[in-house]
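Residues per chain are reported as follows:
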Amino acid sequence: MRVSDFDFDLPDEQIARFPAKERTGSRLLCLDGNSGEIAHRQFADIESFLNPGDLLVMNNTRVIPARLFGRKETGGKLEVLIERVLEEKKVLAHVRSSKSPKPGSRIWLADDNITAGVSGRQGTMFLIDFDEPVLPQLQTFGHMPLPPYIDREDGSADRLRYQTVFAEKDGAVAAPTAGLHFDEALLERLEQKGVNKAFVTLHVGSGTFQPVRVDNIADHEMHSEYIEVSEAVCQAVRETRARGNKVVAVGTTSVRSLESASASGEIQPFTGDTDIFIFPGYPFRSVDAMITNFHLPQSTLLMLVSAFSGQEAILNAYNEAVKEGYRFFSYGDAMWLTRKTG
(Lines give C-alpha, C1' and ligand atoms only; values in the text may rest on other atoms or scores of the structure.)
Protein backbone atom coordinates (compact mmCIF):
# COMPACT_ATOMS: atom_id res chain seq x y z
CA MET A 1 0.00 0.00 0.00
CA ARG A 2 1.16 3.50 -0.84
CA VAL A 3 0.90 6.61 1.29
CA SER A 4 -0.90 8.29 -1.61
CA ASP A 5 -3.73 5.75 -1.15
CA PHE A 6 -4.71 7.63 2.04
CA ASP A 7 -5.19 11.14 0.73
CA PHE A 8 -8.07 13.58 0.57
CA ASP A 9 -8.50 17.28 -0.21
CA LEU A 10 -9.43 19.56 2.68
CA PRO A 11 -10.19 23.29 2.37
CA ASP A 12 -8.18 25.30 4.88
CA GLU A 13 -11.32 26.89 6.31
CA GLN A 14 -12.51 23.48 7.56
CA ILE A 15 -9.53 23.11 9.90
CA ALA A 16 -10.92 23.87 13.37
CA ARG A 17 -8.65 26.40 15.06
CA PHE A 18 -10.92 26.84 18.08
CA PRO A 19 -13.15 24.35 19.92
CA ALA A 20 -16.93 24.31 19.71
CA LYS A 21 -18.70 26.50 22.26
CA GLU A 22 -19.79 23.44 24.23
CA ARG A 23 -17.81 20.18 24.46
CA THR A 24 -20.79 18.12 23.26
CA GLY A 25 -21.69 20.70 20.61
CA SER A 26 -19.74 19.08 17.78
CA ARG A 27 -21.24 17.12 14.92
CA LEU A 28 -20.96 13.34 14.71
CA LEU A 29 -20.53 11.47 11.44
CA CYS A 30 -21.58 7.83 11.91
CA LEU A 31 -20.10 5.14 9.67
CA ASP A 32 -21.13 1.50 9.57
CA GLY A 33 -17.95 -0.39 8.69
CA ASN A 34 -19.79 -3.33 7.09
CA SER A 35 -22.34 -1.51 4.95
CA GLY A 36 -20.51 1.79 4.45
CA GLU A 37 -23.72 3.59 5.40
CA ILE A 38 -23.25 7.15 6.67
CA ALA A 39 -25.48 9.15 9.03
CA HIS A 40 -25.12 12.72 10.27
CA ARG A 41 -25.83 13.36 13.93
CA GLN A 42 -24.75 15.55 16.86
CA PHE A 43 -22.19 14.34 19.40
CA ALA A 44 -24.73 14.37 22.21
CA ASP A 45 -26.53 11.60 20.27
CA ILE A 46 -23.68 9.23 21.16
CA GLU A 47 -25.91 7.95 23.96
CA SER A 48 -28.16 6.26 21.42
CA PHE A 49 -25.27 4.12 20.13
CA LEU A 50 -24.33 2.77 23.57
CA ASN A 51 -26.22 0.06 25.45
CA PRO A 52 -26.23 -0.91 29.12
CA GLY A 53 -23.22 -3.17 29.67
CA ASP A 54 -21.13 -1.64 26.89
CA LEU A 55 -17.63 -0.54 27.90
CA LEU A 56 -16.18 2.88 27.07
CA VAL A 57 -12.37 2.82 27.22
CA MET A 58 -10.82 6.27 27.64
CA ASN A 59 -7.29 7.64 27.79
CA ASN A 60 -6.71 9.50 31.07
CA THR A 61 -3.43 11.14 30.08
CA ARG A 62 -3.07 14.84 30.92
CA VAL A 63 -1.50 17.30 28.49
CA ILE A 64 1.38 19.20 30.05
CA PRO A 65 2.15 22.82 29.03
CA ALA A 66 5.19 21.48 27.22
CA ARG A 67 6.25 24.47 25.08
CA LEU A 68 8.81 26.97 26.37
CA PHE A 69 10.56 29.91 24.74
CA GLY A 70 13.95 31.30 25.70
CA ARG A 71 17.56 31.89 24.74
CA LYS A 72 20.94 30.20 24.52
CA GLU A 73 24.21 31.29 26.10
CA THR A 74 25.01 33.06 22.85
CA GLY A 75 21.80 35.07 23.08
CA GLY A 76 20.14 33.27 20.19
CA LYS A 77 16.43 32.54 20.54
CA LEU A 78 15.13 29.02 20.90
CA GLU A 79 11.90 27.10 21.39
CA VAL A 80 11.71 23.93 23.47
CA LEU A 81 8.94 21.37 23.05
CA ILE A 82 9.22 18.67 25.70
CA GLU A 83 8.52 15.23 24.27
CA ARG A 84 8.86 13.17 27.44
CA VAL A 85 9.60 13.80 31.11
CA LEU A 86 12.27 11.21 31.98
CA GLU A 87 12.96 12.14 35.60
CA GLU A 88 11.92 14.90 37.99
CA LYS A 89 14.40 17.34 36.41
CA LYS A 90 15.30 15.61 33.13
CA VAL A 91 13.40 15.70 29.83
CA LEU A 92 13.74 14.68 26.22
CA ALA A 93 12.81 17.59 23.99
CA HIS A 94 12.71 19.04 20.51
CA VAL A 95 14.66 22.29 20.21
CA ARG A 96 14.14 24.84 17.46
CA SER A 97 16.79 27.50 16.96
CA SER A 98 18.91 28.94 14.17
CA LYS A 99 21.80 26.83 15.46
CA SER A 100 21.42 23.82 17.75
CA PRO A 101 22.64 24.26 21.34
CA LYS A 102 25.75 22.25 22.15
CA PRO A 103 25.88 19.56 24.85
CA GLY A 104 27.22 21.15 28.02
CA SER A 105 25.70 24.55 27.25
CA ARG A 106 23.15 26.42 29.34
CA ILE A 107 19.75 27.76 28.30
CA TRP A 108 17.37 30.27 29.87
CA LEU A 109 13.62 29.91 29.40
CA ALA A 110 10.39 31.77 30.20
CA ASP A 111 11.96 35.24 30.52
CA ASP A 112 14.87 33.73 32.48
CA ASN A 113 12.54 32.24 35.11
CA ILE A 114 13.76 28.75 34.21
CA THR A 115 17.38 27.65 33.86
CA ALA A 116 18.58 24.37 32.43
CA GLY A 117 21.52 22.63 30.84
CA VAL A 118 21.75 20.66 27.60
CA SER A 119 23.37 17.35 28.52
CA GLY A 120 23.29 15.49 25.22
CA ARG A 121 21.33 14.32 22.21
CA GLN A 122 19.14 11.34 21.45
CA GLY A 123 18.59 11.18 17.72
CA THR A 124 17.00 14.44 16.62
CA MET A 125 16.03 15.37 20.19
CA PHE A 126 17.93 16.85 23.14
CA LEU A 127 18.39 15.75 26.73
CA ILE A 128 17.80 18.75 28.98
CA ASP A 129 18.44 18.90 32.73
CA PHE A 130 16.39 21.51 34.58
CA ASP A 131 17.76 23.11 37.73
CA GLU A 132 14.39 22.65 39.47
CA PRO A 133 11.61 20.02 39.13
CA VAL A 134 10.18 20.47 35.66
CA LEU A 135 6.44 19.84 35.99
CA PRO A 136 5.69 22.65 38.49
CA GLN A 137 7.65 25.06 36.30
CA LEU A 138 5.70 24.04 33.23
CA GLN A 139 2.40 24.60 35.02
CA THR A 140 3.51 28.15 35.84
CA PHE A 141 5.40 29.19 32.71
CA GLY A 142 4.70 26.67 29.93
CA HIS A 143 2.48 27.05 26.89
CA MET A 144 -0.04 24.44 25.76
CA PRO A 145 1.46 22.56 22.79
CA LEU A 146 -1.28 23.14 20.23
CA PRO A 147 -0.87 21.09 17.03
CA PRO A 148 0.99 22.73 14.13
CA TYR A 149 -2.18 23.08 12.03
CA ILE A 150 -3.75 25.28 14.73
CA ASP A 151 -1.64 28.17 13.53
CA ARG A 152 -2.20 30.59 16.38
CA GLU A 153 -0.73 31.22 19.81
CA ASP A 154 -2.21 29.29 22.68
CA GLY A 155 -4.52 31.17 25.03
CA SER A 156 -5.74 30.70 28.59
CA ALA A 157 -8.86 28.90 27.34
CA ASP A 158 -6.69 26.18 25.78
CA ARG A 159 -5.52 25.14 29.25
CA LEU A 160 -9.08 23.94 29.82
CA ARG A 161 -10.34 22.95 26.37
CA TYR A 162 -7.22 21.17 25.08
CA GLN A 163 -7.66 18.77 27.98
CA THR A 164 -10.26 16.09 28.65
CA VAL A 165 -12.48 16.40 31.72
CA PHE A 166 -11.14 13.02 32.89
CA ALA A 167 -7.43 13.84 32.44
CA GLU A 168 -5.45 12.50 35.39
CA LYS A 169 -1.86 11.48 34.60
CA ASP A 170 0.62 14.13 33.43
CA GLY A 171 2.71 13.24 30.41
CA ALA A 172 1.08 13.97 27.03
CA VAL A 173 2.19 16.70 24.65
CA ALA A 174 -0.90 16.28 22.48
CA ALA A 175 -4.48 15.71 23.59
CA PRO A 176 -6.39 12.46 23.06
CA THR A 177 -8.84 14.53 21.08
CA ALA A 178 -11.82 12.18 20.83
CA GLY A 179 -12.18 12.57 24.59
CA LEU A 180 -12.51 16.34 24.31
CA HIS A 181 -16.18 15.94 23.28
CA PHE A 182 -17.26 14.51 26.64
CA ASP A 183 -18.41 16.71 29.50
CA GLU A 184 -19.30 15.67 33.04
CA ALA A 185 -23.05 15.76 32.36
CA LEU A 186 -22.77 13.37 29.40
CA LEU A 187 -20.57 10.99 31.37
CA GLU A 188 -23.09 11.03 34.20
CA ARG A 189 -25.98 10.22 31.83
CA LEU A 190 -24.02 7.32 30.36
CA GLU A 191 -23.28 5.98 33.84
CA GLN A 192 -26.97 6.17 34.75
CA LYS A 193 -27.78 4.27 31.56
CA GLY A 194 -25.48 1.45 32.67
CA VAL A 195 -22.59 2.12 30.29
CA ASN A 196 -19.31 1.13 31.96
CA LYS A 197 -16.02 3.03 31.83
CA ALA A 198 -12.39 1.97 31.98
CA PHE A 199 -9.24 4.06 31.69
CA VAL A 200 -5.96 3.35 29.96
CA THR A 201 -3.01 5.73 29.78
CA LEU A 202 -1.14 6.62 26.62
CA HIS A 203 1.07 9.70 26.80
CA VAL A 204 0.57 11.12 23.33
CA GLY A 205 3.79 12.36 21.74
CA SER A 206 4.40 14.98 19.08
CA GLY A 207 5.21 12.14 16.69
CA THR A 208 1.46 11.76 16.21
CA PHE A 209 1.65 14.78 13.86
CA GLN A 210 4.70 13.62 11.91
CA PRO A 211 4.12 12.75 8.25
CA VAL A 212 4.84 9.32 6.82
CA ARG A 213 8.03 9.89 4.84
CA VAL A 214 8.16 6.62 2.90
CA ASP A 215 6.15 5.66 -0.17
CA ASN A 216 5.37 2.09 0.90
CA ILE A 217 3.59 2.25 4.27
CA ALA A 218 5.05 -1.11 5.30
CA ASP A 219 8.45 0.63 5.45
CA HIS A 220 7.28 3.24 7.98
CA GLU A 221 8.90 3.21 11.42
CA MET A 222 6.35 4.18 14.05
CA HIS A 223 7.27 6.48 16.95
CA SER A 224 7.06 5.05 20.47
CA GLU A 225 4.68 6.18 23.20
CA TYR A 226 4.29 5.09 26.82
CA ILE A 227 1.14 3.16 27.76
CA GLU A 228 -0.45 1.55 30.80
CA VAL A 229 -3.19 -1.07 30.53
CA SER A 230 -4.08 -2.55 33.93
CA GLU A 231 -5.43 -5.98 34.80
CA ALA A 232 -8.70 -4.28 35.82
CA VAL A 233 -9.07 -2.89 32.28
CA CYS A 234 -8.24 -6.29 30.78
CA GLN A 235 -10.84 -7.98 32.97
CA ALA A 236 -13.47 -5.39 32.03
CA VAL A 237 -12.77 -6.00 28.33
CA ARG A 238 -12.97 -9.79 28.75
CA GLU A 239 -16.24 -9.60 30.68
CA THR A 240 -17.81 -7.13 28.24
CA ARG A 241 -17.07 -9.28 25.22
CA ALA A 242 -18.07 -12.50 27.01
CA ARG A 243 -21.59 -11.19 27.57
CA GLY A 244 -21.90 -9.90 24.01
CA ASN A 245 -21.56 -6.19 24.68
CA LYS A 246 -19.38 -3.73 22.78
CA VAL A 247 -15.90 -2.52 23.72
CA VAL A 248 -15.85 1.09 22.51
CA ALA A 249 -12.49 2.84 22.34
CA VAL A 250 -12.59 6.60 22.77
CA GLY A 251 -9.88 7.72 20.38
CA THR A 252 -7.09 6.09 18.43
CA THR A 253 -4.88 6.25 21.53
CA SER A 254 -7.26 3.93 23.37
CA VAL A 255 -7.34 1.65 20.33
CA ARG A 256 -3.53 1.50 20.22
CA SER A 257 -3.38 0.84 23.95
CA LEU A 258 -5.89 -2.02 23.89
CA GLU A 259 -4.47 -3.59 20.76
CA SER A 260 -0.90 -3.35 22.08
CA ALA A 261 -2.03 -5.20 25.19
CA SER A 262 -3.73 -7.80 22.95
CA ALA A 263 -0.70 -8.61 20.80
CA SER A 264 -0.57 -12.18 22.11
CA GLY A 265 -4.12 -12.80 20.93
CA GLU A 266 -5.74 -12.21 24.32
CA ILE A 267 -5.63 -8.95 26.23
CA GLN A 268 -3.06 -8.90 29.04
CA PRO A 269 -1.76 -6.11 31.33
CA PHE A 270 0.88 -3.97 29.65
CA THR A 271 3.13 -1.17 30.90
CA GLY A 272 5.85 0.33 28.76
CA ASP A 273 6.43 1.72 25.29
CA THR A 274 4.42 0.74 22.23
CA ASP A 275 5.21 1.41 18.59
CA ILE A 276 2.23 -0.50 17.21
CA PHE A 277 1.39 0.56 13.65
CA ILE A 278 -2.14 -0.36 12.60
CA PHE A 279 -2.95 -0.25 8.89
CA PRO A 280 -5.35 -2.17 6.60
CA GLY A 281 -5.04 -5.90 7.07
CA TYR A 282 -4.55 -5.65 10.84
CA PRO A 283 -6.71 -8.15 12.81
CA PHE A 284 -8.39 -6.23 15.64
CA ARG A 285 -8.62 -8.28 18.82
CA SER A 286 -10.24 -6.10 21.50
CA VAL A 287 -12.14 -3.16 19.96
CA ASP A 288 -15.66 -3.35 18.48
CA ALA A 289 -16.43 0.34 17.89
CA MET A 290 -14.61 3.61 18.26
CA ILE A 291 -15.14 7.33 18.65
CA THR A 292 -12.55 9.46 16.90
CA ASN A 293 -11.89 12.83 15.33
CA PHE A 294 -10.94 13.37 11.70
CA HIS A 295 -7.25 12.82 10.94
CA LEU A 296 -4.62 14.35 8.69
CA PRO A 297 -4.28 13.19 5.07
CA GLN A 298 -1.68 10.44 4.58
CA SER A 299 -1.30 10.01 8.37
CA THR A 300 -0.84 6.83 10.38
CA LEU A 301 -4.11 7.57 12.20
CA LEU A 302 -6.04 7.76 8.94
CA MET A 303 -4.50 4.37 8.14
CA LEU A 304 -5.65 3.05 11.53
CA VAL A 305 -9.30 4.03 11.03
CA SER A 306 -9.11 2.66 7.47
CA ALA A 307 -8.02 -0.66 8.94
CA PHE A 308 -10.94 -0.52 11.35
CA SER A 309 -13.87 0.40 9.09
CA GLY A 310 -12.46 -0.22 5.62
CA GLN A 311 -10.29 2.02 3.50
CA GLU A 312 -12.89 2.73 0.83
CA ALA A 313 -15.61 3.44 3.38
CA ILE A 314 -13.38 5.78 5.40
CA LEU A 315 -12.23 7.81 2.40
CA ASN A 316 -15.81 8.04 1.18
CA ALA A 317 -16.88 9.25 4.64
CA TYR A 318 -14.09 11.83 4.72
CA ASN A 319 -15.07 13.19 1.32
CA GLU A 320 -18.68 13.33 2.50
CA ALA A 321 -17.56 15.21 5.62
CA VAL A 322 -15.69 17.75 3.50
CA LYS A 323 -18.75 18.23 1.30
CA GLU A 324 -21.00 18.64 4.36
CA GLY A 325 -18.73 21.23 5.98
CA TYR A 326 -17.51 19.24 8.99
CA ARG A 327 -14.75 20.76 11.12
CA PHE A 328 -11.50 18.77 11.07
CA PHE A 329 -8.70 17.70 13.39
CA SER A 330 -8.08 18.24 17.11
CA TYR A 331 -10.74 20.88 17.82
CA GLY A 332 -13.06 19.55 15.12
CA ASP A 333 -16.04 17.24 14.84
CA ALA A 334 -16.17 13.53 15.66
CA MET A 335 -16.91 10.15 14.10
CA TRP A 336 -18.62 7.03 15.37
CA LEU A 337 -17.10 3.99 13.65
CA THR A 338 -18.03 0.33 13.76
CA ARG A 339 -15.55 -2.36 12.83
CA LYS A 340 -15.69 -3.99 9.45
CA THR A 341 -16.03 -7.70 10.09
CA GLY A 342 -16.54 -9.08 6.59
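Here the structure is shown first, and the text comes after it.
Conventions we followed
- Residues numbered from 1 in each chain as written.
- Predicted model: local features only at pLDDT ≥ 70, side-chain atom pairs only at ≥ 80, totals over all residues.
- Heavy atoms only, no water.
- Helix = DSSP H or I, 4+ residues; strand = E, 2+ residues; numbered from the N terminus.
- Contact = heavy atoms within 4.5 Å.
- 1 Å grid on protein atoms, 1.4 Å probe; cavity = no way out; pocket = protein on both sides within 12 Å on 5 of 7 lines; lining within 4 Å.
- Points joined across faces, edges and corners; volume = space filled by probe spheres on them.
- Nonpolar A, V, L, I, M, F, W, Y, C, P; charged D, E, K, R; others polar.
- Pairing = 2+ DSSP bridges.
- Axes fitted to C-alpha atoms, helices over the stretch in contact; angles between N-to-C directions.
- Buried < 20%, exposed > 50% of the residue type's maximum accessible area, 1.4 Å probe, protein only.
- Polar contact = N/O pair within 3.5 Å; in protein donor to acceptor, adjacent residues only side chain to side chain.

J.: Please explain the environment of Phe 8 as it appears in this structure.
T.: Tracing the backbone through its elements, the reader meets Phe 8 in the segment before β1 (27-31). Linking Phe 8 and Thr 124, residues 116 residues apart in sequence, is a C-alpha distance of 30 Å. Every residue in contact with Phe 8, bar those within four places of it in the chain, is listed here: His 295, Leu 296, Pro 297, Leu 302, Tyr 318, Asn 319, Val 322 and Phe 328.

J.: Which parts of the structure should I look at to understand the layout of surface pockets?
T.: Regions of empty space are outlined by a rolling probe, equal in size to a water molecule, passed over the atoms. Computed from the structure, the largest pocket encloses a volume of approximately 1,200 Å³. Lining the largest pocket are 45 residues, with Leu 81, Glu 83, His 94, Ser 206 and Gly 207 sitting closest to its centre. In the lining of the largest pocket, the residues fall into 18 nonpolar, 14 polar and 13 charged. Contributing to the lining of the second largest pocket are Lys 72, Glu 73, Thr 74, Lys 99, Ser 100, Pro 101, Lys 102, Ser 105 and Arg 106.

J.: Looking at this structure, how should I read empty space enclosed by the protein?
T.: For the structure shown, the criterion picks out 3 cavities of 30 Å³ or more. Of the voids in this model, the largest cavity is the one considered here, and its volume is about 330 Å³. Every residue lining the largest cavity is counted, 28 residues in all, and those nearest its centre are Thr 177, Thr 208, Thr 252, His 295 and Leu 301. Tallying contributions element by element places helix α5 (residues 252-261) first for the lining of the largest cavity, with 3 residues. Within the lining of the largest cavity, the residues separate by chemical class into 14 nonpolar, 12 polar and 2 charged.

J.: For this particular structure, what's the right way to read the sheet that holds strand β3 (residues 55-59)?
T.: Within a beta sheet, neighbouring strands are joined by backbone hydrogen bonds and run either parallel or antiparallel to one another. Across the sheet, which stays open at both edges, the 9 strands sit in the order β2-β1-β17-β16-β14-β3-β12-β13-β15 with mixed pairing between neighbours. Since the sheet does not close on itself, it has two edges, and those belong to β2 (38-42) and β15 (270-274), each with one partner. In this sheet, adjacent strand axes meet at a mean angle of 25° when their direction is disregarded. As paired elements, strand β14 (residues 247-250) and strand β16 (residues 289-293) share 3 bridges and run parallel to each other. Within β16, the residue paired with Val 250 across the bridge is Ile 291. Across the sheet, helix α7 (residues 311-323) lies against β1, β2, β16 and β17 (334-338), angled at about 150° from β1, the strand it touches most.

J.: How should the pairing of β16 be read in this particular structure?
T.: On any regular strand, side chains alternate: one points to one face of the sheet, the next to the other face. The element β16 is extensively covered by neighbouring structure, given that 5 of its 5 residues are classed as buried. Residues Ala 289, Ile 291 and Asn 293 of β16 are buried on one face, and the alternating residues Met 290 and Thr 292, pointing to the opposite face, are buried as well. Judged from the 5 bridges that link them, β16 and β17 form a sheet pairing that is antiparallel. Directly across from Thr 292, in β17, lies its bridge partner Met 335.

J.: Is there a simple way to explain the sheet that holds strand β8 (residues 106-109) in this structure?
T.: With antiparallel pairing, 6 strands are arranged side by side around a closed barrel as β5-β6-β7-β10-β9-β8. Between one strand axis and the next, the sheet turns through 45° on average, direction left out of account. With 5 bridges joining them, strand β5 (residues 67-72) and strand β6 (residues 77-85) adopt antiparallel strand pairing. Across the sheet, residue Phe 69 finds its bridge partner in β6, namely Glu 79. Relative to the sheet, helix α1 (residues 134-141) contacts β5, β6, β7 (90-97), β9 (114-122) and β10 (125-130), its axis offset from that of β6 by approximately 130°.

J.: Looking at this model, I keep getting lost on the environment of Glu 221. Mind explaining?
T.: Turning to its location among the elements, Glu 221 is positioned in the loop between β12 (196-202) and β13 (225-229). Sequence-wise, Glu 221 and Asn 245 are 24 residues apart; in three dimensions their C-alpha atoms are separated by 35 Å.

J.: I would appreciate a short explanation of the environment of Ser 35 in the present structure.
T.: For Ser 35, the location among the structural elements is in the loop between β1 and β2. Taking C-alpha positions, Ser 35 is 9.7 Å from Gly 342, a pair spaced 307 residues apart along the chain. In this structure the side chain of Ser 35 is engaged in a polar contact, spanning 3.1 Å, whose partner is the backbone nitrogen of Glu 37.

By themselves, these observations are geometric and do not establish any function.
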